[in-house]
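Coordinate inspection notes
Letter by letter, the chains look like this.
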Amino acid sequence: MTIPMILDCDPGHDDMVALLLASRHAELLAITTVAGNAGLEQSTRNALVAAQLFNLNAAVHPGAARPLIARSAFPPVLHGESGLDGPVLPTLTIGPSPITAVEAILATTRRVERCWLIGTGPLTNIALALRADPTLADRIAGISIMGGGIAFGNITPSAEFNIWVDPDAASIVFRAGIPLVMSPLDVTHQLMVTPAFGQRVRALDSSIAEFMADLFDTYATRYQDFFFEEAVGPLHDPCAVLALTHPELFEFRDMAVKVATGDGPARGATLPDQRHSKLDDPANVRVAVSIDSDAALELVIDAISAIP
Ligand code: BDR
Ligand code: CA
């Protein structure tokens with residue numbers, strides 16, 4: 001049975017791939033947007049670009065323009081001011097829904113039973129929806145997020161971007177008692193786009209393939225500028241979708257994970273209880289720890305090829 005899902009995102013190069021895979025392998029009911037990689041206006045515009053290019057049925061619902069407790073944002077170095085630097089963006093022929101992200105999450109989950117929420121950006125919208133209607137927790141199947149790091153961070157030594165932007169929202173989600181699947185940096189850094197992968201995509205020889213290849217090439221180059229010796233980029237966000245649609249590609253470990261809120265060097269860190277003692281907290285998160293990256297990349301190729 002195809003999994004019904006709402007994808008809450010901040011596109012974002014890798015969010016685009018998450019949207020593409022969700023449309024191919026799940027029942028994508030709604031797309032909600034949040035400020036993160038770029039401002040809310042750009043996130044929403046980019047989600048509309050995805051909806052238009054990939055012929056998605058799901059409406060795009062704008063959400064939170066800032067974290068629950070607003071703080072300074074990180075300069076948009078990886079995805080650029082546009083959130084989607086690289087390809088030429090098409091002129092939009094569709095627009096956003098007048099229904100907000102929180103309204104869409106609440107209404108859709110009332111209409112469709114056992115829906116999953118996928119979070120590939122800061123978790124502000126999901127936290128706001130849980131606050132607006134705590135019974136949301138009882139009617140969804142769970143939440144699958146790309147976020148956090150077990151062994152390392154990317155924005156600070158200990159914090160990953162999505163959690164760091166809004167740790168208060170993330171903390172609400174991690175403490176909600178909802179089945180939670182987490183794809184941290186430890187697993188997303190196993191799923192790399194390389195120049196060779198970009199060439200394979202370009203060779204598919206369609207306008208979508210060219211768009212995606214431009215996206216991948218820019219993304220990998222930006223990662224080389226800021227992180228790596230080579231032009232390779234981690235496809236973080238697709239992992240949050242694939243962890244549900246293709247769990248056989250992953251190895252998971254149940255862990256007790258807390259989010260560090262407040263100021264200080266651990267702000268935004270996801271802290272796993274790894275004491276391995278009788279004192280350990282009960283597990284609240286299913287953490288993806290490894291992925292069959294070759295198989296996952298084939299799914300990306302397949303999804304791009306499937307767009308006419
Ligand atoms: C996360 O932050 C963004 O750069 C990506 O879209 C991903 O969701 C990785 O830390
Ligand atoms: Ca993202």
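Now for a look at the structure at hand. (Residues numbered from 1 in each chain as written. Chains lettered and ligands numbered in written order. Predicted model: local features only at pLDDT ≥ 70, side-chain atom pairs only at ≥ 80, totals over all residues. Heavy atoms only, no water.)

**Brief notes about the site of ligand 1**
As a reminder, the rule being used: Residues are labelled near a given molecule or strand when at least one of their non-hydrogen atoms is within 4 Å of it. Think of a polar contact as two N or O atoms within 3.5 Å of one another; within protein, one of them needs to be a possible hydrogen donor and the other a possible acceptor, and neighboring residues in sequence only count if both atoms come from side chains. Shrake-Rupley sampling with a 1.4 Å probe provides the accessible areas, and residues are treated as covered by the protein chains on show and by no other component. Segments assigned H or I by DSSP are reported as helices when at least four residues long, segments assigned E as strands when at least two residues long, and all are numbered from the N terminus. Charged residues are taken to be Asp, Glu, Lys and Arg, nonpolar residues to be Ala, Val, Leu, Ile, Met, Phe, Trp, Tyr, Cys and Pro, and polar residues to be all remaining types, Gly included.
Around ligand 1, the structure places Asp14, Asp15, Asn37, His79, Thr120, Met146, Asn154, Glu160, Phe161, Asn162, His236 and Asp237. Take Asp14: an N or O atom from its side chain is 2.6 Å from an oxygen atom of ligand 1. At 3.0 Å, a backbone N or O of Thr120 approaches an oxygen atom of ligand 1. Protein burial of ligand 1: of its 280 Å² of free accessible surface, 98% is covered by the chains. Secondary-structure elements contributing two or more residues to the shell around ligand 1 are α1 (13-25) and α6 (161-165). Taken together, the residues of the shell around ligand 1 sort by class into two nonpolar, six polar and four charged.

**A short note on the coordination of the calcium ion (ligand 2)**
In plain terms, the rule: Only nitrogen, oxygen and sulfur atoms count as donors, using a 2.8 Å cut-off from the metal that widens to 3.2 Å for Na, K and Ca. Water is left out, so coordination shells may look unfilled.
For the calcium ion (ligand 2), the full set of protein donor atoms is Asp10 (OD), Asp15 (OD), Asp15 (OD), Thr120 (O) and Asp237 (OD), and the range of their distances to it is 2.2 to 2.6 Å. Considered as a linear motif, the donors of the calcium ion (ligand 2) on their single chain read D-x4-D-x104-T-x116-D. In this pair, Thr120 sits in the loop between β4 (115-119) and α4 (124-132) while Asp237 sits in the loop between β8 (233-234) and α11 (238-245), placing the two residues 117 residues apart along the sequence.

**Regarding the packing of helix α9 (residues 195-202) against helix α12 (residues 293-305)**
Under the convention used in this document: Fitted lines through C-alpha atoms give the axes, limited to the stretch in contact for helices. The angle between two N-to-C directions lies from 0 to 180 degrees. With respect to orientation, any angle under 35 degrees is reported as roughly parallel, any angle over 145 as roughly antiparallel, any angle of 65 to 115 as roughly perpendicular, and every other angle as oblique. Left-handed describes a crossing whose near helix is turned anticlockwise from the far helix through less than a right angle; right-handed describes the clockwise counterpart. By the convention used here, residues are in contact when the closest approach between their heavy atoms is within 4.5 Å.
The N-to-C vectors of α9 and α12 enclose an angle of 25°; their axes lie 10 Å apart at closest approach. Compared by their axis directions, α9 and α12 come out roughly parallel. Once α9 is placed against α12, the crossing between them reads as right-handed. Facing α9, whose interface residues are Phe197, Arg200 and Val201, α12 presents Leu297, Glu298, Val300, Ile301 and Ile304. When grouped by side-chain class, the residues that make up the contact of α9 with α12 number six nonpolar, no polar and two charged.

**Describing the pattern of salt bridges**
Note the following rule: Criterion for a salt bridge: a side-chain nitrogen of Lys or Arg within 4 Å of a carboxyl oxygen of Asp or Glu. Here the term buried applies to any residue with accessible area under 20% of the maximum for its type, exposed to any over 50%, and partly exposed to those in between, with areas from a 1.4 Å probe on protein chains only.
In this structure the tally under the stated criterion is 12 salt bridges. For the salt bridge of Arg110 with Asp133, the shortest nitrogen-to-oxygen distance reads 2.9 Å. With Arg110 in helix α3 (residues 101-111) and Asp133 in the loop between α4 and α5 (136-139), the pair connects residues that are 23 residues apart, well separated along the chain. Residue Asp133 is classed as buried on the basis of its relative accessible area of 9%. Put simply, Arg200 and Glu298 hold a salt bridge, and the shortest N to O gap is 2.8 Å. Residue Arg200 is found in helix α9, and its partner Glu298 is found in helix α12; the two are separated by 98 residues along the sequence.

**With respect to the environment of Ala127**
Mapped onto the elements of the fold, Ala127 is located in helix α4. Aside from chain neighbours lying at most four places away, what touches Ala127 is Leu68, Ala169, Ile172 and Val173.

**Some details on the nonpolar core**
Generally speaking, a soluble globular protein has its nonpolar side chains buried in company with each other. Going by this rule: The term nonpolar core refers to a set of buried residues drawn from Ala, Val, Leu, Ile, Met, Phe, Trp, Tyr and Cys, joined through side-chain atoms within 4.5 Å.
Of all hydrophobic cores here, the largest spans 64 residues; its most connected members are Phe54, Met212 and Phe216. Among the elements that take part in this core, helix α10 (residues 207-226) stands out by supplying nine residues, more than any other. Among all residues touching Phe216, those that are not within four sequence positions of it are Val17, Val193, Phe197, Val201, Leu235, Val300 and Ile304. Grouped together as the second largest cluster of nonpolar side chains are 32 residues, Leu29, Val102, Cys115 and Val285 included.

**Details of the pairing of strand β12 (residues 285-291)**
The line we're drawing: The rule for pairing is simple: two strands pair if DSSP sees at least two bridges between them.
In terms of residue burial, β12 counts as a mostly covered element, since five of its seven residues are buried. In this sheet, β12 lies alongside strand β6 (residues 180-183) in parallel orientation, the contact comprising two bridges. Bridge assignment links Met182 to a residue of β12, and that residue is Val287. Taken together, the six bridges between strand β9 (residues 250-255) and β12 define a ladder with antiparallel strand orientation. Note that in β12 the partner of Arg253 across the bridge is Val287.

**Quick notes on the packing of α1 against α11**
Two elements in contact, α1 and α11, have axes whose closest approach is 8 Å; the angle formed by their N-to-C orientations is 25°. For the element pair α1 / α11, the angle class is roughly parallel. Here Asp14, Val17, Ala18, Leu21, Ala22 and His25 of α1 come into contact with α11, specifically with Pro238, Val241, Leu242 and Thr245. Residues belonging to the contact of α1 with α11 are distributed by class as follows: seven nonpolar, two polar and one charged.

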